[in-house]
Amino acid sequence: MWDASKCTLCGDCLVKCRYANYDKDRAVAEIKLLMDGKDAEILSTCVTCMACNDYCPTGANPADLIFTLQEKIGTCPIVVYYKPVIEEYVKGLEGKADPSQWIPGDPDKPVLSLDSFHFEQFPEGTLDSQLFKGLNVIRGGEYASLTGCVHMGRTSLVEKYGQVVLNRLASLGKDIVYMHNEGFVLANVKAKEYGFNVPFKSIHLFEYLRNYLRDHKSRITKLEKKIAYHANCATRWIPEYDNFLEEVFDLIGVERLSRQYERLNALCCSVPVLFMNKELALDIQKKNFEDAIACGADAMITSCPLCDWVLRRPSAKLGLPKIFITELCRMALGEKSWPEVSP
């Protein structure tokens, strides 16, 4: 959450923003407007990537202030464009649309939560993989992660529906494995901020994959590939879980290359602005892939269905395979072949 008491008006959060072009004086002026609850240019410039929280040296969380003001003022492109999307999203949360779907598994195994993502938004055959054999599976609007609503200008939905979603998951009576970062963030970050009760054990996808691969080393054939990793924005809330991902890469024999646009400097995938500023979105995608190619990567790895979807175009155009993290693991387990992509 935004903490005004920690803000020193240093301006670093907006000076370092790659989507704005502010010097220190302009950055400070923008922040002062936000602190006074007033409209500011950054509300329309912001692509909701949350990097400014990482740039802030004091932990004031300026992104949270921006998200709150975007919704309150309501005139920035993200809020306006996504209004009808949010209306359908809320219907799903209230059980009036996007009915839940349940695939029963072994009674003693956890539930794999897909949040509100549809089955077809994950690579074909994902749920048939030995990675998830026997797991119970749930998806639907009533299980939406909510934290991703910051990308649509409705951060308040976390506070309004967070406990409701967590209660629905708790009613399943099992541990929950989150297929997407944002659902895990709701249970482990936002729950603490808002005081939500989380009466179940939650497991991040990276930790789950690490555990599975570690327990099935004999089935792994090292891939011996070099990869670039594209982190979705929600991972900025839980940077410590990157350690599990590093273990996954080590177990399956891929080298995560160092490049310009990763970790602190990771780029947004461009989904939040794709339909409002296509030129900017395509420029973001191009920079991301050209950076991966320049460092010698054999593939770009994603861990979010939306990131995976939006990066299909540059993947096909520039000839660098784009692989979802579970698919990468399936390749090491012999379930899939390494993809061939021609420019």
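For the structure itself, consult the block above.
Just so it is clear, the structure is predicted and the values come from calculations on it, not from any experiment. (Residues numbered from 1 in each chain as written. Predicted model: local features only at pLDDT ≥ 70, side-chain atom pairs only at ≥ 80, totals over all residues. Heavy atoms only, no water.)

What is the right way to read the sheet that holds strand 8 (residues 299-302) from this model?
The strands making up a sheet are joined through hydrogen bonds of the backbone, oriented either antiparallel or parallel. The strand order 7-6-8-9 describes an open sheet built from 4 strands, whose pairing is parallel. At either margin of the open sheet sits one strand with a lone partner, and together these are strand 7 (254-256) and strand 9 (322-324). When the angles between neighbouring strand axes are averaged without regard to direction, this sheet yields 40°. The sheet contact formed by strand 6 (residues 225-229) and strand 8 spans 3 bridges and is parallel. (Pairing = 2+ DSSP bridges. Helix = DSSP H or I, 4+ residues; strand = E, 2+ residues; numbered from the N terminus. Axes fitted to C-alpha atoms, helices over the stretch in contact; angles between N-to-C directions.)

How should the pattern of salt bridges be read in this particular structure?
A side chain of one charge can pair with a side chain of the opposite charge if their charged atoms are brought near each other. One pass over the full model with this rule turns up 24 salt bridges. Here K287 and D283 are joined by a salt bridge, their closest N and O atoms 3.4 Å apart. In this pair, K287 and D283 are both assigned in helix 11 (residues 278-294), 4 residues apart and thus about one turn of the helix distant. When its relative accessible area of 33% is taken as the criterion, D283 is described as partly exposed. Among the ionic pairs, K336 bridges to E327, the shortest N-O distance being 3.2 Å. Look at K336 and you get partly exposed, because its relative accessible area is 33%. In the salt-bridge network here, residues are joined through shared partners; they are D242, E246, R256, E262 and R263. (Salt bridge = Lys/Arg side-chain N within 4 Å of Asp/Glu carboxyl O. Buried < 20%, exposed > 50% of the residue type's maximum accessible area, 1.4 Å probe, protein only.)

Help me understand helix 8 (residues 181-194) in this model?
An α-helical turn contains 3.6 residues, so a residue and the one three or four places further along point in the same direction. Taking 1.5 Å per residue, 14 residues should reach 20 Å; helix 8 reaches 18 Å between its end C-alpha atoms and fits that length. Residues of helix 8 that are buried make contact with helix 5 (62-73), helix 7 (156-170), strand 4 (176-178) and strand 5 (202-204). Looking one or two places after helix 8, you find G195, whose phi comes out positive at around 75°. (Expected span 1.5 Å × (residues − 1). Contact = heavy atoms within 4.5 Å.)

Looking at this structure, how should I read the packing of aromatic side chains?
Note on aromatic pairs: each is described by the distance of the centres and the angle between the planes. Scanning the model with the defined rule gives 10 aromatic pairs in all. Look at Y81 and F275: their rings are 5.6 Å apart centre to centre, the planes differ by 10°, and that puts the pair in the stacked class. Here the residue Y81 occupies a position in helix 6 (residues 77-93), and F275 occupies one in the loop between strand 7 and helix 11, the gap between them amounting to 194 residues. Ring geometry for F122 against F324: centres 6.1 Å apart, planes inclined by 80°, an arrangement best described as edge-to-face. (Phe/Tyr/Trp six-rings, centres within 6.5 Å; stacked < 30°, edge-to-face > 60°.)

Explanation requested: the sheet that holds strand 1 (residues 101-103) in the structure shown.
The 5 strands lie next to each other as 1-3-2-4-5, forming an open sheet whose pairing is mixed. With partners counted over all chains shown, the strands left at the sheet margins are strand 1 and strand 5, one partner each. Averaged over all pairs of adjacent strands, the angle between their axes in this sheet comes to 25°, without regard to strand direction. Sheet topology places strand 2 (residues 111-113) next to strand 3 (residues 136-139); 3 bridges connect them, and they run parallel. The residue bridging L112 from the neighbouring strand is V137, located in strand 3. Helix 9 (residues 205-215) rests against strand 4 and strand 5 of the sheet, and its axis sits at about 75° to strand 5.

Just checking my understanding: could you explain the layout of surface pockets for this structure?
Here the idea is plain: a probe the size of a water molecule rolls over the atoms and shows the empty space left. Its boundaries defined by the atoms lining it, the largest pocket holds a volume of some 830 Å³. Lining the largest pocket are 36 residues, and of these V85, Y89, F117, M152 and L306 sit closest to its centre. Of all the secondary-structure elements, those providing two or more residues to the lining of the largest pocket are helix 6 and helix 12 (305-310). At 6 residues, the largest contribution of residues to the lining of the largest pocket is made by helix 6. (1 Å grid on protein atoms, 1.4 Å probe; cavity = no way out; pocket = protein on both sides within 12 Å on 5 of 7 lines; lining within 4 Å. Points joined across faces, edges and corners; volume = space filled by probe spheres on them.)

How should the environment of Y241 be read in this particular structure?
Mapping Y241 onto the fold places it in the loop between strand 6 and helix 10 (242-252). When the C-alpha atoms of Y241 and H204 are compared, they prove to be 7.9 Å apart, with 37 residues separating the residues in sequence. Once residues lying within four places of it in the same chain are set aside, the contact partners of Y241 are F184, H204, F206 and E207.

What is the right way to read the nonpolar core from this model?
Nonpolar side chains tend toward joint burial in soluble globular proteins. Grouped together as the largest cluster of nonpolar side chains are 121 residues, with contacts concentrated most on I66, L146, I325 and L328. Of all the elements, helix 6 adds the most residues to this core, at 7 residues. If we skip the residues at most four places from it in the chain, L146 touches Y89, L93, L157, V158, Y161, G162, V165 and L186. (Core = buried A, V, L, I, M, F, W, Y, C linked by side-chain atoms within 4.5 Å.)

Explain helix 11 to me, please; I cannot follow it from the model alone.
Here helix 11 spans 24 Å end to end across 17 residues, near enough to the 24 Å set by a 1.5 Å rise per residue. Along helix 11, the residues classified as buried are A281, I284, Q285, N288, F289, D291 and A292. Down the axis of helix 11, the sector holding all buried residues measures 155°, keeping them to one side. Exposed and oriented more than 90 degrees from the buried face of helix 11 are E279 and A294. Phi for G296, located one or two positions after helix 11, is positive at around 90°. (Arc of directions from axis to C-beta.)

Sorry if this is basic, but what is going on with the pairing of strand 6 here?
Note on strand geometry: in a regular strand, side chains alternate between the two faces of the sheet. The pairing of strand 6 with strand 7 spans 3 bridges and is parallel. Note that in strand 7 the partner of I227 across the bridge is R256. Running through helix 10, the crossover from strand 6 to the neighbouring parallel element strand 7 is right-handed. (Right-handed = clockwise from strand over helix to strand, strands pointing away.)

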